[in-house]
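Architecture and fold: a report
One letter stands for each residue in the lines below.
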Amino acid sequence: MTEKPSQPALEFAGVSKTFDPADARPAVSNIDFALPQGMFISLLGPSGCGKTTLLRLADGLIAPDSGTIAAFGAPPRPGPEIGFVFQSFRLIPWASVAANVEFSLRSLPLSKAERTERALHWLEKVGLSRFAQSWPDTLSGGMKQRVALARAFAPNPSLLLMDEPFASLDAQTRELMQAELLSLWSEQKASVLFVTHSVDEALLLSDTILLMGTRPGRIVETLTVDLERPRDPDAIRADTRFIALRQHLSKKMRELVLSDPQSDFYGR
Amino acid sequence: MTALYRLAFLFLLILGWFIASQFIGRNIIPTPLATLQAGARLFSEGRLLEATGQSLAVFLSGFFLATFVAIPLGAMMGAIRPFGKTLDVYVFALAATPRVAFIPLVIVLLGLGIEAKAFIVFLGAVMPILINTYAGVLAADKELVEMARSTGAPQTRIFSHIVLPGALPFVAVGLRIGATIGLINTVVAELYTAVTGLGGLLALYGNTFRMAEYFVIVICLAIIGVVMTEILRFIESRLGRWKMS
């Protein structure tokens, strides 16, 4: 992968994807955006707007029906250059915590000893070295997602795709995980495409927010989050710019849900 | 505590057996003591060990052959979908056919020796192992497979690290059912072909109304069955030690 600094980490141009040929409406339609290198972009939108589909397209797990996708100038291919963090953690239950982190390193030309060393280094970074030999099912949800973060960061990906990684965690754990992610990201400087349906989370983490609407999944608004980093969660929530953006996005999100014929709240 | 209850239940069983022997007639149901004495006699004459050895040789060779054929074949049927879809109808049809129906054919083809007997055991054990392995591979966790794909894992690594380990609980169930049917078929084979082993002694003592000796053989077969399934259960729990209880 050749990386010219000017080249975006990820670029979608006119991308559409339909899963069900009987359904006239595509899952996502005419998606255009660019993720500049080192930036943190969030896809924000109600459920069913095709956010996850965009991530799977961005990883090359599925191919678009039309349009082009480029990761650092080439069509994306699943591999160590692109990390993926899933909402449901997806740890291998019969492999130890360390072996789970090592799994993503198997696609790199590393010896067994190098793999183990790198995995332990990343477990230490997320504060879980004590649990290296534990089974994943003995860990709490927050710990499992930290293992998944270590697994995604370990191969030093230039692009990270995150699919509502903290949605299944309780509120306190989620805040700590957001801080954890920001500190890992500030060291790593990978480009991040982050999917969420939480307005607060998107504002706290991102440089740019792409607001998505449903049926078909499309980008309805692009918003720059003009808040300096590092961002302290408590200070930022009191910031007037944060409050204004939050009000705007929450209102927009509500409108999107109410205008969706498939929503429970349609026409109310 | 469980062990204590189990011992107490065993005592109840032997008590019931003793009462039955008193009421039904000793020539039909021998007393536990007479059975024990017959067992000691058969053991000291060496006949019991010889017959057990013959039966185990038949059972184990048939069962291991079934394992070595069924696991790779079932895994391949699950991994290569067109292959699996082509074969599975026939596999299910064969599994539904009573395998005892093949015994005359097996005798014609392989004779009456250990080859024929082991093959009859093989026929009984192979289907449950095959069908369960196939089902286990098909039940692979789609989310884990996608996670593995996202790391750039090739198909071979996805299969060896995700699909196959995920299928192991299914394979273990198949092995246990296969072992049980295999043991039944061991006795059936020994009754239908050249009369040897525990099945042979069963026929001999049953036909000559030597009920004490007959009971010894029945108990022997039960013990082999228990030991076999316990070994498989132990392997199963070792493989599944990552599971939360």
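Residues numbered from 1 in each chain as written. Chains lettered and ligands numbered in written order. Predicted model: local features only at pLDDT ≥ 70, side-chain atom pairs only at ≥ 80, totals over all residues. Heavy atoms only, no water.

Per an unreviewed UniProt entry, the recorded name for chain B is ABC transporter permease, and the organism is Pelagibacterium lentulum. A UniProt comment under Subcellular location (unreviewed entry) is attached to chain B, and it reads "Cell membrane". (UniProt positions renumbered as here; feature names shortened; annotations may be inferred.)

Per an unreviewed UniProt entry, chain A carries the name ABC transporter ATPase and comes from Pelagibacterium lentulum. Taken from UniProt, the Sequence similarities (unreviewed entry) comment for chain A reads in full: "Belongs to the ABC transporter superfamily."

**Thoughts on empty space enclosed by the protein**
Summed over all chains, the structure comprises two cavities of 30 Å³ or more. Its volume calculated, the largest cavity comes out at about 90 Å³. If one sorts the elements of the lining of the largest cavity by residue count, strand β5 (residues 82-85) of chain A sits on top with three residues. Taken together, the residues of the lining of the largest cavity sort by class into seven nonpolar, five polar and one charged. Taken together, S55, L56, F59, L183, T186, L198, L221 and I224 of chain B make up the full set of residues lining the second largest cavity. The leading source of residues in the lining of the second largest cavity is helix α3 (residues 47-79) of chain B, at three residues. Looking at the lining of the second largest cavity residue by residue, the class counts come to six nonpolar, two polar and no charged. (1 Å grid on protein atoms, 1.4 Å probe; cavity = no way out; pocket = protein on both sides within 12 Å on 5 of 7 lines; lining within 4 Å. Points joined across faces, edges and corners; volume = space filled by probe spheres on them. Helix = DSSP H or I, 4+ residues; strand = E, 2+ residues; numbered from the N terminus. Nonpolar A, V, L, I, M, F, W, Y, C, P; charged D, E, K, R; others polar.)

**Looking at the sheet that holds strand β1 (residues 10-17) of chain A**
All names here are of chain A. Here three strands make up an open sheet; going across it, the order is β2-β1-β4 and the pairing antiparallel. The open sheet terminates on both sides in strands that have one partner only, identified here as β2 (28-35) and β4 (66-70). Ignoring which end each strand starts from, the neighbouring axes of this sheet average 10° apart. Sheet analysis places β1 next to β2, joined by five bridges and oriented antiparallel. Bridge pairing in β2 links L10 to L35. Of the strands in this sheet, β1, β2 and β4 are in contact with helix α1 (residues 51-59), which crosses β1 at around 120°. (Pairing = 2+ DSSP bridges. Axes fitted to C-alpha atoms, helices over the stretch in contact; angles between N-to-C directions. Contact = heavy atoms within 4.5 Å.)

**Quick word on the interface of chain A and chain B**
On the chain B side, the residues contacting the 24 residues of chain A number 18 residues. Interface area, chain A with chain B, both sides summed: about 2,000 Å², of which 63% is carbon and sulfur. Looking at the side of chain A facing chain B, the largest losses of area belong to R90, W94 and F103 of chain A, adding up to 36% of the total buried there. We note a salt bridge from R90 of chain A to E143 of chain B, for which the minimum N-O separation is 3.7 Å. Where chain A meets chain B, there are eleven residue pairs in polar contact (both at pLDDT 80 or more). Among the elements of the structure, α1 and β5 of chain A are those that each provide at least two residues to the side of chain A that touches chain B. Residue composition of the side of chain A that touches chain B, by class: twelve nonpolar, six polar and six charged. (Buried area = accessible area lost by both parts, 1.4 Å probe. Salt bridge = Lys/Arg side-chain N within 4 Å of Asp/Glu carboxyl O. Polar contact = N/O pair within 3.5 Å; in protein donor to acceptor, adjacent residues only side chain to side chain.)

**A few points about the domain arrangement of chain A**
Residue and element names in this part refer to chain A. Taken domain by domain, chain A consists of domain 1 (10-81 + 158-258) and domain 2 (93-156). Averaged C-alpha coordinates put domain 1 and domain 2 at centres separated by 25 Å. Between domain 1 and domain 2, the buried area comes to about 1,300 Å², and carbon and sulfur atoms account for 71% of it. Of all residues in domain 1, P80, L184 and Q188 give up the largest surface area on contact with domain 2, accounting jointly for 43% of the area buried on that side. Taken together, the connections running from domain 1 to domain 2 amount to one salt bridge. Joining domain 1 to domain 2, the criterion identifies three residue pairs in polar contact (both at pLDDT 80 or more). Only β6 (159-163) and α5 (171-188) provide two or more residues apiece to the side of domain 1 that touches domain 2. Here the side of domain 1 that touches domain 2 gets eight residues from one element, more than from any other, and that element is α5. Residue classes in the side of domain 1 that touches domain 2 are distributed as ten nonpolar, three polar and two charged. (Domains from an automatic or database assignment.)

**A few points about the layout of surface pockets**
In this approach a probe as big as a water molecule rolls over the atoms, and the regions it shows empty are the leftover space. All names here are of chain B. Here the largest pocket defines a volume of roughly 440 Å³. Around the largest pocket sit 15 residues that line it, and W17, T35, L36, I219 and I223 are the ones nearest its centre. Only α1 (2-24), α2 (32-45) and α10 (211-239) provide two or more residues apiece to the lining of the largest pocket. The class makeup of the residues in the lining of the largest pocket is 13 nonpolar, two polar and no charged. Listing elements by their share of the lining of the second largest pocket, those giving two or more residues are α3, α6 (114-138), α7 (142-150) and α8 (155-192). A per-element tally of the lining of the second largest pocket places α8 first, with five residues. Here the lining of the second largest pocket is composed, by residue class, of eight nonpolar, three polar and three charged.

**Things to note about the packing of aromatic side chains**
Residue and element names in this part refer to chain A. Summed over all chains, the structure comprises eleven aromatic pairs over all chains. Between F12 and F33, the aromatic rings sit 4.9 Å apart at their centres with planes inclined by 15°, giving stacked as the arrangement. Of the two residues, F12 sits in strand β1 while F33 sits in strand β2, which places them 21 residues apart along the sequence. For F12, a relative accessible area of 2% puts it in the buried group. We classify F33 as buried; its relative accessible area is 9%. Arranged with centres 5.6 Å apart and planes meeting at 15°, the rings of W122 and F153 form a pair that is stacked. Remark: F153 occurs in helix α4 (residues 141-153) and W122 occurs in helix α3 (residues 112-125); sequence separation between them is 31 residues. Looking at W122, the relative accessible area reads 4%, which means it is buried. Members of the aromatic cluster, joined through ring pairs, are F40, F166, W185 and F194. Lying across the ring of W122, K125 places its NZ or CZ 5.6 Å from the centre. (Phe/Tyr/Trp six-rings, centres within 6.5 Å; stacked < 30°, edge-to-face > 60°. Buried < 20%, exposed > 50% of the residue type's maximum accessible area, 1.4 Å probe, protein only. Lys NZ or Arg CZ within 6 Å of the ring centre and 35° of its normal.)

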